[in-house]
Amino acid sequence: MTGKISLEFPSEYKYLNLVDALCNGIIRDIELDPKTATEIAVSVIEACTNALEHGNKSNPAVNVRVLFMWDKNRFAVEVYDCGEGFDYREYMKNIPDPSDIDHIRGRGIFIMKEMMDSLSFEFSDNEGMKVTLEKVISG
Amino acid sequence: MKYKIREKEGVVLIDLSGKLMGGSDAELFKDCIYDLLEKGRKKIIVNLGKVTWINSAGVGILITGYTTMRKKEGDLKLLNVSEKIKSILYVTKLNLIFDCYEDEEDAIESYS
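Let me begin by describing the structure that accompanies this report. (Residues numbered from 1 in each chain as written. Chains lettered and ligands numbered in written order. Predicted model: local features only at pLDDT ≥ 70, side-chain atom pairs only at ≥ 80, totals over all residues. Heavy atoms only, no water.)

## Notes on a negative patch on the surface
All names here are of chain B. Our working rule: Think of a patch as exposed residues, more than 30% relative accessible area, with no salt bridge, where like charges cluster within 9 Å and nonpolar side chains (Val, Leu, Ile, Met, Phe, Trp, Tyr) cluster within 5 Å. Shrake-Rupley sampling with a 1.4 Å probe provides the accessible areas, and residues are treated as covered by the protein chains on show and by no other component. Just to be clear on terms, a salt bridge is a Lys or Arg side-chain nitrogen sitting within 4 Å of an Asp or Glu carboxyl oxygen. In summary, the charge assignment counts Lys and Arg as positive and Asp and Glu as negative, without counting His or the chain termini. For the purpose of locating charges, the reference atoms are NZ of Lys, CZ of Arg, CG of Asp and CD of Glu. A run of DSSP states H or I qualifies as a helix once it reaches four residues; a run of E qualifies as a strand once it reaches two. Both are numbered from the N-terminal end. Only protein chains enter the area calculation, which uses a 1.4 Å probe; residues under 20% of their type maximum are buried, those over 50% are exposed, and those in between are partly exposed.
There is a patch of like negative charges on the surface, built from Glu-9, Asp-103, Asp-106 and Glu-109. Inspection of the secondary structure assignment puts Glu-109 in helix H4 (residues 104-109). Accessibility expressed as a relative area gives 54% for Glu-109, which makes it exposed.

Here you go:
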């Protein structure tokens, strides 16, 4: 059980349903348990929302690229945007309390961190900002 | 996102449908909440039964509605919360903020 599928879409909210449909299709195909499936699907949408909003500034001329990869032990998703990146470690030191209702936004990274087994950020001049989400699975 | 407004026993039900996320949805929902407040409606139930998916920005939209109502001595409760939405509420501990109901009559009854 191994696979790799990629998708590239303009930075518009309306295309998130394509990402969601593809993600759910893959998850169904490899028969993940419902909790794992929900956590992956929610996290992928958070990563793509951040990429199109914060990375690509919702510019429809700029694409977000998503790469799904899986084998019998691991499900990984890489999300690429063309932004300038940010200091993830510094952000995580001062991450807002997600239960604080005075904050309307700013829960996406917390949600991904809690729901996935690994979350990493990497910036390069060639590829832009890359977020990698990983989940251990039992195939 | 789309919505329809119903009223039962002095309680306003907002039936949301489609995708609940950032962008224009936030303004649409905020306008809806302010419109209800202008009409003196402060007992609100948001029915999420037909919301196909949501992200954290969508949860932020619900928080805006909740805090706006609470500041005006009203309340906003949730109905028909899917497993996906519950997972977001639980991981962010917002399940401790929002009153959630499975049954419409129970949600309405909670305001009496």
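## Some remarks on the sheet that holds strand S2 (residues 11-20) of chain B
Residues and elements named next belong to chain B. Defined as follows: Whether two strands pair comes down to DSSP finding at least two bridges between them. The contact definition used throughout considers only heavy atoms, calling two residues in contact when any of these lie within 4.5 Å. Helix axes are fitted only over the stretch in contact, all axes being lines through C-alpha atoms; the angle between N-to-C directions runs from 0 to 180 degrees.
Read across the open sheet, the 5 strands follow the order S1-S2-S3-S4-S5; overall the sheet is mixed. Every interior strand has two partners, whereas the edge strands, strand S1 (2-8) and strand S5 (100-101), have only one. With 8 bridges joining them, S2 and strand S3 (residues 43-54) adopt parallel strand pairing. Directly across from Leu-13, in S3, lies its bridge partner Ile-45. Strands in contact with helix H1 (residues 24-38) are S1, S2, S3 and strand S4 (75-79); relative to S2, the strand with the most contacts, it is inclined by about 175 degrees.

## Here we look at the packing of aromatic side chains
All names here are of chain A. Basically, it comes down to this: Working definition: rings of Phe, Tyr and Trp (its six-membered ring) pair if their centres are within 6.5 Å, and the pair is stacked with planes under 30 degrees apart, edge-to-face with planes over 60 apart, and tilted otherwise.
This structure, assessed with the given rule, holds 6 aromatic pairs over all chains. Centroid distance Phe-86 to Tyr-91: 6.0 Å. Interplanar angle 90 degrees. Geometry classified as edge-to-face. Since its relative accessible area comes to 27%, Tyr-91 is described here as partly exposed. One aromatic cluster is present, formed by Phe-86, Tyr-88, Tyr-91 and Phe-121 through successive ring pairs.

## Remarks on the interface of chain A and chain B
Rules: What gets called buried area is simply the loss in accessible area from a 1.4 Å probe that two parts show on being joined, summed for both. What qualifies as a polar contact is a pair of N or O atoms within 3.5 Å, subject to a donor-acceptor requirement within protein and to the restriction that residues adjacent in sequence count only when both atoms come from side chains. We call Asp, Glu, Lys and Arg charged. Ala, Val, Leu, Ile, Met, Phe, Trp, Tyr, Cys and Pro are nonpolar, and the rest, Gly among them, are polar.
On the chain B side, the residues contacting the 24 residues of chain A number 22 residues. Roughly 1900 Å² is buried in total at the junction of chain A and chain B, and carbon and sulfur atoms are behind 71% of that figure. For chain A, the biggest contributors to the area lost against chain B are Tyr-13, Ile-101 and Ile-104 of chain A; these three give 28% of the whole. Taken together, chain A and chain B are joined by 1 salt bridge. For Asp-20 of chain A, the salt bridge goes to Lys-84 of chain B, with nearest N and O atoms at 3.7 Å. Along the contact surface separating chain A from chain B lie 3 residue pairs in polar contact (both at pLDDT 80 or more). If you list the elements that add at least two residues to the side of chain A that touches chain B, you get helix H1 (16-29), helix H2 (34-55) and helix H4 (108-115) of chain A. Ranked by residues supplied to the side of chain A that touches chain B, first place goes to H2 of chain A with 7 residues. Broken down by class, the residue content of the side of chain A that touches chain B amounts to 11 nonpolar, 7 polar and 6 charged.

From the geometry alone we can't say anything about function, so treat these as descriptive.
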